[in-house]
Amino acid sequence: MHKKIFVAAAVAAFALGAQVASAQPKPDPAKAPNMSPGAPAGPGKPGIENSIAHCIGCHGIPGYKTAYPDVYHVPKIAGQQPAYIVAALKAYKSGERSHPSMRGIAASLSEEDMKQIAEYYGGTPKAKEGGK
Amino acid sequence: MRIVLFAAALGMAAGVQAAGNANNGKAKAAQVCAACHGSDGNKPSTPDQPVIAGQHYDYLVRALTDYKIGRRNNPIMKGFAAQLSRQEIEDLSAWFASQQSPLHDQR
């Protein structure tokens, strides 16, 4: 019963993520700066909203726990060292780390995406909530 | 199916209450972890090492266990975690989880 709900939720989350990603394809960062002078310039860094959309469903919810394959708190990533966040994402992508959801998400990220995410979570002003 | 649900409930219960002894963990941390992570887990010696102070207890237990059994493959951490007993992993996790830290839950 619960398992079915978890599976359905996971499938829905992945489908949603895929839809968001395909609806707004990311520009090639190498070509982006002077590719099309007439293109509208969006506010902020392009792609960051798409990138962190992958993260907030689990890491943005205080006390959130993994549902599969084992149950434990997802780690706090805000305030973490940016270089460690990139290293962790690469390790998931390569298979060195094995959490199924994280492997799926990391596999879809470019190195540029990873750096943006790391800078977003690691580079933001620290809210002094302290440890728990 | 029932076994899965029971195991899940057990996991949740374990997550709520830290089973480790933070004082014992503090002593062990000074010997094993402090050189790289800082004695309270707040001073990573290189940028690609994590802050572990204030991290969730059950996540730390999981990470150390994964290093110990080879589910995570960092050669440095494997060397340290391999020598830790289950009790020591819980003690260390209780110590680091209870320390002040810049880590938080911001989306």
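The rules behind each value
Residues numbered from 1 in each chain as written. Chains lettered and ligands numbered in written order. Predicted model: local features only at pLDDT ≥ 70, side-chain atom pairs only at ≥ 80, totals over all residues. Heavy atoms only, no water. Phe/Tyr/Trp six-rings, centres within 6.5 Å; stacked < 30°, edge-to-face > 60°. Helix = DSSP H or I, 4+ residues; strand = E, 2+ residues; numbered from the N terminus. Buried < 20%, exposed > 50% of the residue type's maximum accessible area, 1.4 Å probe, protein only. pLDDT = per-residue confidence, 0-100. Contact = heavy atoms within 4.5 Å. Axes fitted to C-alpha atoms, helices over the stretch in contact; angles between N-to-C directions. Parallel < 35°, antiparallel > 145°, perpendicular 65-115°, else oblique. Nonpolar A, V, L, I, M, F, W, Y, C, P; charged D, E, K, R; others polar. Salt bridge = Lys/Arg side-chain N within 4 Å of Asp/Glu carboxyl O.

A word on the packing of aromatic side chains. Overall, the coordinates contain two aromatic pairs over all chains when judged by the stated rule. Geometrically, the ring pair formed by A:Tyr72 and B:Tyr59 is tilted, given 6.5 Å between the ring centres and 35° between the ring planes. With one member in each of two chains, A:Tyr72 in the loop between α2 (48-59) and α3 (82-94) and B:Tyr59 in helix α4 (residues 57-69) form a pair that bridges those chains. Residue classification places A:Tyr72 among the buried residues on the basis of a relative accessible area of 9%. Centre to centre, the rings of A:Tyr120 and A:Tyr121 are 5.0 Å apart; their planes meet at 85°, and the pair counts as edge-to-face.

The subject of this paragraph is the confidence of the model for chain B. Taken residue by residue, chain B gives an average pLDDT of 88. The fraction at 70 or more is 83%. Least confident of the elements in chain B is helix α1 (residues 2-16) of chain B, whose mean pLDDT is 51; most confident is helix α6 (residues 86-97) of chain B, at 98.

What follows is about the side chain of A:His59. Looking at where A:His59 falls in the secondary structure, it is placed in helix α2. Apart from residues lying up to four places away in sequence, A:His59 is in contact with A:Val74, A:Pro75, A:Ile77, A:Met102, B:Asp105 and B:Gln106.

Residue and element names in this part refer to chain B. Turning to its location among the elements, Gln-99 is positioned in the segment after α6. Overall, the relative accessible area of 15% leaves Gln-99 in the buried class. Separated by 71 residues in sequence, Gln-99 and Lys-28 place their C-alpha atoms 15 Å apart.

Residues and elements named next belong to chain A. In the contact formed by α2 and helix α5 (residues 111-122), the axes pass within 9 Å of each other and the chain directions differ by 70°. Taken as axis vectors, α2 and α5 run roughly perpendicular relative to one another. Along the contact surface, α2 presents Ile-48, Ser-51, Ile-52, Cys-55 and Ile-56, while α5 presents Asp-113, Gln-116, Ile-117, Tyr-120 and Tyr-121. A per-class count over the contact of α2 with α5 returns seven nonpolar, two polar and one charged.

This brings us to the pattern of salt bridges. Per the stated rule, a full pass over the model turns up six salt bridges over all chains. With a shortest N-O distance of 3.4 Å, B:Glu88 and B:Lys28 are connected by a salt bridge. Of this pair, B:Glu88 sits in helix α6 while B:Lys28 sits in helix α2 (residues 22-32); the two residues are 60 residues apart in sequence, bridging distant segments of the chain. For the salt bridge of B:Arg86 with B:Glu90, the shortest nitrogen-to-oxygen distance reads 3.0 Å. Highlighted residues: B:Arg86 and B:Glu90, both in helix α6, separated by four residues, approximately one helical turn. Linked by salt bridges that have partners in common, A:Asp70, B:Arg62, B:Asp66 and B:Arg71 make up one network.

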